[in-house]
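Tertiary structure, described
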Amino acid sequence: MPDALLATPAVSATPHLPALAEILPMNDLLLAQAASGSLFADPKTLVLGVLTGLVFGFLLQKGGVTRYGVIVGQFLLRDFTVLKVMLTAVVVGAVGVYGMRAVGMDVPLHVKGTAVAMNLIGGVLFGAGMAVAGYCPGTGMAALGDGSRHAAFAVLGMLAGAGVYAELDAPVKGAVGSVGDLGKVTFADVTGLSIWWFVLAVVVLAACVFAALESFGPKRGGGSGGTTATDPAAPAPKAAAPSTT
Amino acid sequence: MSTNPLRTFRWSPYLVGAGIGLLSMVTFAFMGKALGTSTTTVRATGALERLVAPEHVAANDYFCKYLGTAEAPKPVIEWQFALVLALPVGAFIAARLGGSRFVEHVPELWARRFGPSRALRYGAAFLGGLVMVFGARMAGGCTSGHGISGGLQLAVSSWIFFAAMFASGVGAAFLLFGREGRRHA
């Protein structure tokens, strides 16, 4: 049962496929769906997605996390930019999202399912792959716009990784999917405590981490001065924008 | 010095983090979405595979979960896909406004340890990306979907992922570069 996307281009592009399509229960409905544009979501959704991506990509570049050296520097515990960016985002987002809910706004959550073995093994593979690639999926895409040529190969690898996983999802889930399967839970759900205890814990944790990093951490990634030094191609700030003052 | 922040080369990581946190608030409250990127790799690969092996993709439950079935297809290019495509554009605008003319084929840190070969670096980047997204799909998200969106919701899955990812990344980086390489990071 081929889906909408292939119905038009692939069948006509490759000679052996029409015969295949005839064997399969492919029908006019499919072609109609292809024609009606099931490839794309509605324009409003797409515009909102593009705007979000533009802002996200902009911020990632300004933060320096589109650079290989900054990401690998984090894993080598030399440059804590990544941790600072992520923890700050989590603190602001947690207070903001749960705060909006507390004042009665309709803000649905999007909690991903907990399956301890899947989350844990997946996380281990992810970290190892990220250390080699030098990017995560979002920063890898953004790095393409920030002059990184090798990020293109990381992105191709990501696509391949999705393909490999799609083939192995069933056996992987069959083997370890049920280990520690708790469903879509937050710390409030599993403990019965108010979510605000955990928001508070994250705020305190972040404050301690940041205070420690600013006091004792490596003097890198601590702001505009730190990461600039890692960029040999960076022009002096004065030369960058003489016209704006 | 430029007074226009858009033209500043780097922003404080705290400012950038706060910006991403605010962006998350906006997507949660007004778009009904959480920031994420790695699901898009499944949609993109599934859609590409479907061009050459339609019956294979249609028979794969994992692809069908995201792309739908022949009877009920789901859009390939949806909110997150559009977001992912816009990421390099946003980064490009930021880089140019900041005066960056940065181009990198083989990172300095990598070249110091593994030599200047582009082929080796490109192959490693490919392999790293492959293992990384395999892990992301197994865990159910990546640094944005789990790390930021899940982290801020205090989801148990996301904090397990984040701890595992960070520990593994540190271990892998030290194995790759060692103490000597670290000195140049």
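The written sequence of each chain sets the order in which its residues are numbered from 1. For this description, chains carry letters from A and ligands carry numbers from 1, given in the order in which they are written. Reporting in this predicted model follows two pLDDT cut-offs: at least 70 for local features of residues, and 80 or more for side-chain atom pairs to be given and counted; totals over whole chains, interfaces and linings ignore these cut-offs and use all residues. Only hydrogens and water are removed before side-chain values are computed, so all heavy atoms of the structure are retained for them.

With that out of the way, let us pick up the overall build of chain B. If you tally the helices and strands in chain B, you get 9 helices and 0 strands. Every helix listed is a DSSP run of H or I at least four residues long, and every strand listed is a run of E at least two residues long, numbered separately from the N terminus. Going residue by residue from the N terminus, the α and β elements of chain B occur as α-α-α-α-α-α-α-α-α. Taken along its principal axes, the extent of the C-alpha atoms in chain B is 55 × 40 × 35 Å. Using a 1.4 Å probe on the protein chains alone, a residue whose accessible area is under 20% of its type maximum counts as buried, one over 50% counts as exposed, and one in between counts as partly exposed. Burial analysis of chain B (185 residues in total) assigns 65% to the buried set. The long-range fraction of contacts in chain B, counting pairs at least 24 apart against all pairs at least 6 apart in sequence, stands at 53%. Total accessible area computed for chain B in this model is approximately 6800 Å², and 67% of it derives from carbon and sulfur atoms. This count recognises Lys and Arg as positive and Asp and Glu as negative, with His and chain-terminal groups excluded. One atom stands in for each charge, and that atom is NZ of Lys, CZ of Arg, CG of Asp or CD of Glu. Charged side chains of chain B number 17 positive and 8 negative; the gap between the two group centres comes to 13 Å. In this analysis, two residues are considered to be in contact whenever any of their non-hydrogen atoms come within 4.5 Å of each other. Areas reported as accessible are Shrake-Rupley estimates using a 1.4 Å probe. Residue values count occlusion only from the protein chains shown.

Here the focus is the pattern of salt bridges. Oppositely charged side chains can pair when the atoms bearing their charge come close. Residues and elements named next belong to chain B. The working definition used for a salt bridge is a side-chain nitrogen of Lys or Arg within 4 Å of a carboxyl oxygen of Asp or Glu. One pass over the structure, following the stated rule, counts 6 salt bridges over all chains. The salt bridge partner of R112 is E108, with a shortest N-O separation of 3.6 Å. Highlighted residues: R112 and E108, both in helix 6 (residues 108-114), separated by 4 residues, approximately one helical turn. The exposure class of E108 is exposed, given its relative accessible area of 53%.

Pairing of aromatic rings covers Phe, Tyr and Trp, the last through its six-membered ring, and needs centres within 6.5 Å; plane angles under 30 degrees mean stacked, over 60 mean edge-to-face, and all others mean tilted. For the coordinates displayed, the defined rule picks out 13 aromatic pairs over all chains. Where Y165 of chain A meets Y62 of chain B, the ring centres are 5.1 Å apart and the plane angle is 75°; that geometry is what we call edge-to-face. Linking Y165 of chain A in helix 10 (residues 151-176) with Y62 of chain B in helix 4 (residues 61-67), this pair reaches from one chain into another. The pair Y165 of chain A / Y62 of chain B is uniform in exposure class, with both members buried. Among the aromatic residues, those joined into a cluster by ring pairs are Y165 of chain A together with Y62, Y66 and F134 of chain B. Whether a charge lies above a ring is judged from NZ of Lys or CZ of Arg, which has to be within 6 Å of the ring centre and within 35 degrees of the ring normal. The ring of F9 of chain B carries the charged tip of R10 of chain B above its face, separated from the ring centre by 4.5 Å. The ring of W110 of chain B carries R121 of chain B above its face, with NZ or CZ at 4.8 Å from the centroid.

It is worth spelling out helix 5 (residues 43-63) of chain A at this point. Expected helix span is computed as 1.5 Å times (number of residues minus one). Taking 1.5 Å per residue as the helical rise, helix 5 of chain A with its 21 residues ought to reach 30 Å, and the 30 Å between its terminal C-alpha atoms agrees with that figure. Listed in full, the buried residues belonging to helix 5 of chain A are L46, G49, T52, G53, F56, G57, F58, L59, L60, Q61, K62 and G63 of chain A. Along its buried surface, helix 5 of chain A packs onto helix 7 (81-102) and helix 9 (137-144) of chain A together with helix 1 (13-31), helix 5 (79-97) and helix 8 (143-152) of chain B. After helix 5 of chain A finishes, the residue G64 of chain A shows a positive phi value of roughly 85°.

All right, on to the side chain of R10 of chain B then. Along the chain, the position of R10 of chain B falls in the segment before helix 1. This buried residue, R10 of chain B, is left without a salt bridge; D146 of chain A holds the nearest opposite charge, at 4.9 Å. Any pair of N or O atoms that falls within 3.5 Å is considered a polar contact. Within protein, one atom must be able to donate a hydrogen and the other to accept it, and sequence-neighbouring residues count only if both atoms are side-chain atoms. Among the polar contacts made by the side chain of R10 of chain B, one reaches the main-chain carbonyl oxygen of Q61 of chain A at a distance of 2.9 Å.

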